[in-house]
Amino acid sequence: MSAPSAQRPSAQPHTPKVTEREARQVAEEAREQDWRKPSFAKELFLGRFRLDLIHPHPLPAAEDVRRGEEFLARLRDFCETRIDGALIEREARIPDEVVNGLKELGALGMKIDVKYGGLGLTQVYYNRALALAGSASPAIGALLSAHQSIGVPQPLKIFGSQEQKDTFLPRLARTDISAFLLTEPDVGSDPARLATTAVRDGDDYVLDGVKLWTTNGVVADLLVVMARVPKSEGNKGGITAFVVEADAPGITVEHRNAFMGLRGLENGVTRFHQVRVPAANRIGPEGAGLKIALTTLNTGRLSLPAMCVGSGKWCLKIAREWSAVREQWGRPVARHEAVGAKISFIAATTFALEAVVDLASQMADEDRNDIRIEAALAKLYGSEMGCLMADELVQIRGGRGFETADSLAARGERAVPAEQMLRDMRINRIFEGSTEIMHLLIAREAVDAHLKVAGDIIDPDKPLSAKARAGANAAGFYAKWLPKLVAGPGQLPRTYGDFHPTGHADLSGHLRYVERASRKLARSTFYAMSRWQGRMETKQGFLGRIVDIGAELFAMSAACVRAEHLRVENDHGREAYQLADTFCRQSRIRIEELFTRLWSNTDDLDRKVVDGVLAGTYTWLEEGIVDPSGEGPWIADATPGPSARENVRRPIR
């Protein structure tokens, strides 16, 4: 045990100082550069509505369906008989026997190949399992997702050596919980400032640093850790991924974090001090860590919107049951238009969000398309809409929505945890890339084609010769591309006629709208690039709206395709068409508002106000209050060194 932490220097966390340009360069080098497969969403942002890439709706293989449904049946029985969500909320901990039961069920190995002892489920059924488990307890959904979507199994599946797979995957499929460690006290979405180091020493690397918000970190057996390897002769260095045994000497879980929601989450602060990791545990080459993390998230991000689908289904169930029995002013509250509109929004949005997740997941399983944008859009859209649906449920429930389930039960009413759902859902707008970061990430991919042909023109560091070549390339590209944005099939009244079957709502008009709006979106993006050029990346408000329009168009497309699929399968087709029609009409109103706000907004005024706030111009506005915040630094000290705290790691056996 070292000296008390108070004796450490009281300073800001030790992180590399990098410029904005250097930070962008690190992120740019980590992203996948090429598009080797088609992408529906990428084409959508370019003004090309490729319905053929998603319609007819891709279908799973019969054997995948059989195995998936069998597991869902076992999982449902487990959730109904073994999981007490209220107990987890009260005690802020998932009971060990529940976790061990999930292990016995094989839930840790849902995405791990059967040859390593896993279940080998498809992405579609993995997501459905998460939605089911998350409805019983969101903390359990988070535990399983963090273990398999971003934890050790997925990067090993894609980038691991055969020896690593043989060593770790059987453990991860049945007994060992994993966690993903990237974030640090002063490093969130800006990995260029990553401070944890991994220094080569013979056949080992020696890790030093502190990781924050390590979901599953308190109970994990295996960790995937991102650390910076210094450059050396013959070695590239850079941010690198390692598999680390959680009980290795020098690792201390210093704190179990507590949050406004997901109270059963085993999330902590983990310190590494002179931790020796065999070089054989390095995943991929040095410097490939961020690329591994981003590639893992391409499909890993689908787990979060999948659980949002489960939340939407629960919100709809409670809204339906409650609104039918609660009477005000002589009629059930559902019959009052103000409440009915909220119920309609929840129902239509749940249908569309499930359509988005199932479509993207099936595309991931088929591996015919590049779904990096689709998965990111699903995460963005699911987290935003999921929060809205939970908020609307609380409003529908009124005072009972604000009251805890325990309090409701104590006074004799049904214990409906609506306020807990709202608290639990809120983190989704931050988890695995905040909404703001997702806007920038998706926007970067959406303008990739433009930057490939015209990027050198707006790059201040490029010589005139490079700008001249880029200008010539851009002229050729835009001469062919721009004329195609003027007119398209969305202007022909009979296009997409298959989506207007007799006796059903007309969805063909919505698809024609998507095609027209896609071209308008591409024209708006081109105009903005022409207007702002190199300053385009600073126009985050504009880029966010561009992405939000794309997300709505993707959701409209998925909803229509799913409705037609259900009609063909004789599976509630008429009702699906009605929900898709309602969703598309609601979505079109939001899209038109976003198009208006592209050019009519307060972005410039907002920047001036921010300048004033930071300069202290408005401190007089803060008078008349007391600040209940405690004392302490804004960001905890993360200076490398031995731990001075008790190890609160709690392995589950």
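The model shown is predicted, which means the values in this text are computed figures rather than measured ones.

Let us now look at the overall build of the protein. The number of helices and strands found in the protein is 23 helices and 10 strands. Here the C-alpha atoms of the protein give a radius of gyration of 26 Å, agreeing with the 26 Å that 2.2 N^0.38 yields for 653 residues. Along the first, second and third principal axes, the C-alpha set of the protein runs to 75 × 75 × 65 Å. Of the contacts made within the protein by residues no fewer than 6 positions apart, 78% connect residues no fewer than 24 positions apart. Of the roughly 29900 Å² of accessible surface on the protein, 54% is carried by carbon and sulfur atoms.

Following the sequence through the fold, aspartate 204 ends up in strand E3 (residues 204–215). Side chain to side chain, aspartate 204 and arginine 276 meet in a polar contact 3.0 Å long. Among all residues touching aspartate 204, those that are not within four sequence positions of it are Val199, Arg276, Val277, Pro278 and Ala279.

Of all hydrophobic cores here, the largest spans 93 residues; its most connected members are Leu377, Leu553 and Phe583. Here this core gets 16 residues from one element, more than from any other, and that element is helix H21 (residues 540–568). The contacts of leucine 377, once residues within four sequence positions are left out, are Ala41, Phe45, Gly382, Ile442, Val547, Gly550, Ala551 and Phe554. The next biggest cluster of nonpolar side chains, apart from the first, holds 34 residues, and it includes Leu72, Phe78, Ala139 and Met307.

Moving on, we get to the side chain of arginine 562. Inspection of the secondary structure assignment puts arginine 562 in helix H21. Given the relative accessible area of 12%, arginine 562 is considered buried. Those residues in contact with arginine 562 that lie beyond four places of it in its chain are His57, Phe351, Glu354, Ala355 and Asp358.

Right, let's talk about helix H16 (residues 418–426) for a bit. Burial analysis of H16 places seven of its nine residues in the buried class, the great majority of the element. Residues of H16 that are buried include every one of Ala418, Glu419, Gln420, Met421, Arg423, Asp424 and Met425, and no others. Elements that come into contact with the buried residues of H16 comprise helix H4 (85–91), helix H7 (138–148), helix H11 (303–325), helix H13 (372–397) and helix H14 (399–402).

What follows deals with the pairing of strand E4 (residues 222–229). Within E4, seven of the eight residues are buried, which leaves it mostly tucked inside the rest of the structure. Bridge count between strand E1 (residues 178–181) and E4: four bridges; the pairing is parallel. The residue bridging phenylalanine 180 from the neighbouring strand is valine 224, located in E4. Pairing geometry for E4 and strand E5 (residues 238–245), over eight bridges, is antiparallel.

Mapped onto the elements, leucine 304 comes out in helix H11. Overall, the relative accessible area of 2% leaves leucine 304 in the buried class. Along the chain, leucine 304 and glycine 217 lie 87 residues apart, while their C-alpha atoms are 19 Å from each other. Beyond its immediate stretch of four places on either side in the chain, leucine 304 contacts Lys379, Ser383, Asn428 and Phe431.

Let us now look at the packing of H11 against helix H12 (residues 337–366). In the contact formed by H11 and H12, the axes pass within 9 Å of each other and the chain directions differ by 150 degrees. Between H11 and H12, the angle falls in the class roughly antiparallel. Read as a crossing pair, H11 and H12 show a hand that is left-handed. Contacts between H11 and H12 involve Pro305, Ala306, Cys308, Val309, Gly312, Lys313, Cys315, Leu316, Ala319 and Ser323 from the former and Val339, Ile343, Ile346, Ala347, Thr350, Leu353, Glu354 and Val357 from the latter.

A separate point is the packing of H13 against H16. Contact geometry for H13 and H16: axes closest at 9 Å, N-to-C directions at 160 degrees. Accordingly, the angle class assigned to the pair H13 and H16 is roughly antiparallel. The two elements H13 and H16 meet at a crossing, and its hand is left-handed. Along its contact with H13, which presents Gly386, Cys387, Ala390, Asp391, Leu393 and Val394, the element H16 presents Ala418, Glu419, Met421, Leu422, Met425 and Arg426.

The next point concerns the pattern of salt bridges. Side chains carrying opposite charge are able to pair once their charged atoms draw close together. All told, the structure shown has 48 salt bridges when counted by the stated rule. Across the salt bridge formed by arginine 128 and aspartate 358, the nearest N and O atoms sit 3.0 Å from each other. Highlighted residues: arginine 128 in helix H6 (residues 123–136) and aspartate 358 in helix H12, separated in sequence by 230 residues. Aspartate 358 sits in the buried class, given a relative accessible area of 7%. Its salt-bridge partner being aspartate 448, residue arginine 444 comes within 3.1 Å of it at the nearest N-O pair. One network of salt bridges, with partners in common, ties together Glu63, Asp64, Arg66, Arg67 and Glu70.

Attention shifts here to the packing of aromatic side chains. Across all of its chains, the model carries 13 aromatic pairs by this definition. Plain terms: the ring middles of phenylalanine 542 and tryptophan 599 are 5.1 Å apart, the flat faces sit at 50 degrees to each other, and that makes the pair tilted. Of this pair, phenylalanine 542 sits in helix H21 while tryptophan 599 sits in helix H22 (residues 573–599), and the two are 57 residues apart along the sequence. In this structure phenylalanine 542 comes out as buried when scored by relative accessible area, which is 2%. If you follow arginine 128 out to its NZ or CZ, it ends over the ring of tyrosine 125, 5.1 Å from the centre. Of note, arginine 397 hangs over the ring of tryptophan 322, and the distance from its end group to the ring centre comes to 4.7 Å.

This paragraph deals with unusual backbone geometry. At the junction of histidine 55 and proline 56, the peptide bond is cis and its omega measures out at 0 degrees in the coordinates. With respect to the helices, strands and loops of the structure, proline 56 is situated in the loop between helix H2 (40–45) and helix H3 (62–82). Even without glycine at this site, alanine 92 takes up a positive phi of about 55 degrees. Its place among the elements puts alanine 92 in the loop between H4 and helix H5 (96–105). Taking the relative accessible area as the measure of exposure, alanine 92 reaches 16% and is therefore buried. Phi angles above zero are rare outside glycine, and glutamate 432 is one such case at about 50 degrees. By the element assignment, glutamate 432 lies in the loop between H16 and helix H17 (435–446).

By secondary structure assignment, the location of alanine 198 is in strand E2 (residues 197–201). Placed 29 residues apart in sequence, alanine 198 and alanine 227 show a C-alpha to C-alpha distance of 5.7 Å. Among residues more than four places away in sequence, those in contact with alanine 198 are Tyr205, Val206, Leu207, Ala227, Arg228, Val229, Pro230 and Phe242.

Let's shift gears to a nonpolar patch on the surface. On the surface, a nonpolar cluster with roughly 730 Å² of combined accessible area is contributed by Val609, Val610, Val613, Leu614, Tyr618, Trp620 and Leu621. Note on placement: valine 610 falls in helix H23 (residues 603–615).

Listing the buried residues of helix H18 (residues 448–458) in full gives Asp448, Ala449, His450, Val453, Ala454 and Gly455. Buried positions along H18 lie against H17, helix H19 (464–481) and helix H20 (508–532).

Rules used in this analysis
- Residues numbered from 1 in each chain as written.
- Predicted model: local features only at pLDDT ≥ 70, side-chain atom pairs only at ≥ 80, totals over all residues.
- Heavy atoms only, no water.
- Helix = DSSP H or I, 4+ residues; strand = E, 2+ residues; numbered from the N terminus.
- Rg over C-alpha atoms; globule rule 2.2 N^0.38 Å.
- Contact = heavy atoms within 4.5 Å.
- Areas by Shrake-Rupley, 256 points an atom, 1.4 Å probe, with all protein chains shown as cover.
- Polar contact = N/O pair within 3.5 Å; in protein donor to acceptor, adjacent residues only side chain to side chain.
- Core = buried A, V, L, I, M, F, W, Y, C linked by side-chain atoms within 4.5 Å.
- Buried < 20%, exposed > 50% of the residue type's maximum accessible area, 1.4 Å probe, protein only.
- Pairing = 2+ DSSP bridges.
- Axes fitted to C-alpha atoms, helices over the stretch in contact; angles between N-to-C directions.
- Parallel < 35°, antiparallel > 145°, perpendicular 65-115°, else oblique.
- Left-handed = near helix turned anticlockwise from the far one by under 90°.
- Salt bridge = Lys/Arg side-chain N within 4 Å of Asp/Glu carboxyl O.
- Phe/Tyr/Trp six-rings, centres within 6.5 Å; stacked < 30°, edge-to-face > 60°.
- Lys NZ or Arg CZ within 6 Å of the ring centre and 35° of its normal.
- Patch = residues over 30% accessible without salt bridge, like charges linked within 9 Å, V, L, I, M, F, W, Y side chains within 5 Å.

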